[in-house]
Amino acid sequence: MNQTRSILGLLIMIFFAIPILFGIIWAVGLTQAVVSQKTLSELPGEIIAEIPDLLDGMVLVARDENSDLDYDSRIWLTAMAGASPTPRELMKETGLNDWLEKELSGSLRTMGDILNGKTAARDIWLDMRPLKAVFSHPTMERWLSQVMAMLPPCSESQSDDWERIMLRENRYDSLPPCRPMAGQEATAIALIRSHITRDIPDQISLTEKSHFPHRRFNIAKTMISFTYLLFLIPAAFIVLGALVAARSKTHFLRWSGGATMIGGGLVLAMTSLVKGLIPWAMRIGPVNYSSSWTHWQDVVSDHMGGLALVVSRHFISPVITVAGTVCVIGLLLFAFSFTFNRETTVKNHAPHPPQAS
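1. What to know about the packing of helix α3 (residues 71-82) against helix α7 (residues 138-150)
Okay, step 1: Where α3 contacts α7, the axes come no closer than 8 Å and their chain directions differ by 125°. Accordingly, the angle class assigned to the pair α3 and α7 is oblique. By crossing handedness, the relation of α3 to α7 is classed as right-handed. On the side of α3, the interface is formed by Trp76, Ala79, Met80 and Gly82, while α7 contributes Trp143, Val147, Met148 and Met150.

As structure tokens, then:
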């Protein structure tokens, strides 16, 4: 009978308690990351700091003869590598850095203030017009002219491709990797700018269709508190499994503590695995099957590791904290079980008072 109860309790732990606890830990940790003011205020700046290295690295890949670049990408990147200023300097001179640091970061910080109840809710609009203006900056014009000058002359078929693109017969055709005729250079540069900016709106609402209270309200704290209540679900299954399997208070605490530690430990192991898999996943992930990404995947993926690690650090760190807390709780329950064990031992060995004759 005791063996049957132990097996049944173990099945409850394996198929219900531990999987649900595993999922709740991830849900709570990721929720904390999403609504955290620290994430919304620090993450944009860290991403912005990585972008110049990413762009410089993409351009330098063109000089690596062993890189698996398709012909078109190599030609364009080789031309960019020969142009001046460098992508890092270009971002600074055209005002792209200012837009990223002030407009984008500022809007996300404001959203963090609203979510954390530091300011009343209001519409947050991200102004994209300065970003579009970057591509009309004189420095950008000169840089694009240099890139076009670095391209090889067009073949007859490539010239026909430029003609069709300039006539806008298919506005989504890829640009030929060659230098158009002298009279077409200005039109080609304008076309490149159009390709880049055509789908960028003037403004983007970061709070569109959201229903924030029109007063200060700590939405982040409310959401996190709600997610913590979700721990009652795995706790109920842990208690149920322990009650079924345990034969004493000591066994109950050991079953409960063991299951809790296993659930938290699995999450800690998974987060370590995720961190190690990120650079590898950048190369073989589902983007392999995206036709719009194929030509640039090998260029970007080699230099996306640092950027991906920055993002994952902000989202995985809260998960690690929650999982560590769960493991500590499980360890305390397991350790506390020995207290009952010692109390029972002391009672059994305590001298009995002499009975009156």
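2. A short note on the pattern of salt bridges
Okay, step 1: This structure, assessed with the given rule, holds 6 salt bridges.
Okay, step 2: Close ionic contact of aspartate 127 with arginine 129 constitutes a salt bridge, the shortest N to O distance being 3.0 Å.
Okay, step 3: The class of aspartate 127 is buried, set by a relative accessible area of 18%.
Okay, step 4: The residue aspartate 161 makes a salt bridge to arginine 164 at a minimum N-O spacing of 2.2 Å. Residue aspartate 161 and its partner arginine 164 are both found in helix α8 (residues 156-166); the two are separated by 3 residues, about one turn of the helix.

3. Overview of the layout of surface pockets
Okay, step 1: Within this model, the second largest pocket holds a volume of roughly 250 Å³.
Okay, step 2: When contributions to the lining of the second largest pocket are tallied by element, the ones reaching two or more residues are α11 (232-245), α12 (249-284) and α14 (305-349).
Okay, step 3: By residue number, the principal contributor to the lining of the second largest pocket is α14, which donates 6 residues.
Okay, step 4: By residue class, the composition of the lining of the second largest pocket is 10 nonpolar, 4 polar and no charged.

4. Thoughts on the packing of aromatic side chains
Okay, step 1: With the rule as written, the count across this model stands at 3 aromatic pairs.
Okay, step 2: Summarising the aromatic geometry, the rings of phenylalanine 16 and phenylalanine 237 are spaced 5.5 Å apart at their centres and angled 5° between planes, so their arrangement reads as stacked. Here phenylalanine 16 is found in helix α1 (residues 2-35), whereas its partner phenylalanine 237 is found in helix α11, with 221 residues between them in sequence.
Okay, step 3: Assessed through its relative accessible area of 43%, phenylalanine 16 is described here as partly exposed.
Okay, step 4: Taken together, a centroid distance of 5.8 Å and an interplanar angle of 70° make the contact between phenylalanine 334 and phenylalanine 338 edge-to-face. Of this pair, phenylalanine 334 and phenylalanine 338 both sit in helix α14, 4 residues apart, which is roughly one turn of the helix.
Okay, step 5: Its relative accessible area of 30% is what places phenylalanine 334 among the partly exposed residues.
Okay, step 6: The ring of phenylalanine 338 is capped by arginine 254, whose NZ or CZ atom sits 4.3 Å from the centre of that ring.

5. Here we look at the state of the cysteines
Okay, step 1: Going through the model one piece at a time under the given rule, you end up with 1 disulfide.
Okay, step 2: Across a sulfur-sulfur distance of 2.0 Å, cysteine 154 and cysteine 178 are joined as a disulfide pair. Judged by the sign of its S-S torsion, about 85°, the cystine formed by cysteine 154 and cysteine 178 is right-handed. Residue cysteine 154 is found in the loop between α7 and α8, and its partner cysteine 178 is found in the loop between α8 and α9 (185-197); the two are separated by 24 residues along the sequence.

6. Thoughts on the side chain of threonine 271
Okay, step 1: Structurally, the position occupied by threonine 271 is in helix α12.
Okay, step 2: What makes threonine 271 buried here is its relative accessible area of 1%.
Okay, step 3: Setting aside chain neighbours within four positions, we find threonine 271 in contact with Trp26, Ile316, Val319 and Ile320.

7. Examining the confidence of the model for the protein
Okay, step 1: When pLDDT is averaged along the protein, the result is 82; 81% of the residues meet or exceed 70.
Okay, step 2: The secondary-structure element of the protein with the lowest mean pLDDT is helix α13 (residues 294-301), recorded at 52, while α11 shows the highest, at 96.
Okay, step 3: Per-residue pLDDT stays below 50 along residues 285-296; that stretch engages in 12 contacts with residues further than four places along the chain or on separate chains.

Rules used in this analysis
Residues numbered from 1 in each chain as written. Predicted model: local features only at pLDDT ≥ 70, side-chain atom pairs only at ≥ 80, totals over all residues. Heavy atoms only, no water. Axes fitted to C-alpha atoms, helices over the stretch in contact; angles between N-to-C directions. Helix = DSSP H or I, 4+ residues; strand = E, 2+ residues; numbered from the N terminus. Parallel < 35°, antiparallel > 145°, perpendicular 65-115°, else oblique. Left-handed = near helix turned anticlockwise from the far one by under 90°. Contact = heavy atoms within 4.5 Å. Salt bridge = Lys/Arg side-chain N within 4 Å of Asp/Glu carboxyl O. Buried < 20%, exposed > 50% of the residue type's maximum accessible area, 1.4 Å probe, protein only. 1 Å grid on protein atoms, 1.4 Å probe; cavity = no way out; pocket = protein on both sides within 12 Å on 5 of 7 lines; lining within 4 Å. Points joined across faces, edges and corners; volume = space filled by probe spheres on them. Nonpolar A, V, L, I, M, F, W, Y, C, P; charged D, E, K, R; others polar. Phe/Tyr/Trp six-rings, centres within 6.5 Å; stacked < 30°, edge-to-face > 60°. Lys NZ or Arg CZ within 6 Å of the ring centre and 35° of its normal. Disulfide = S-S within 2.5 Å. pLDDT = per-residue confidence, 0-100.

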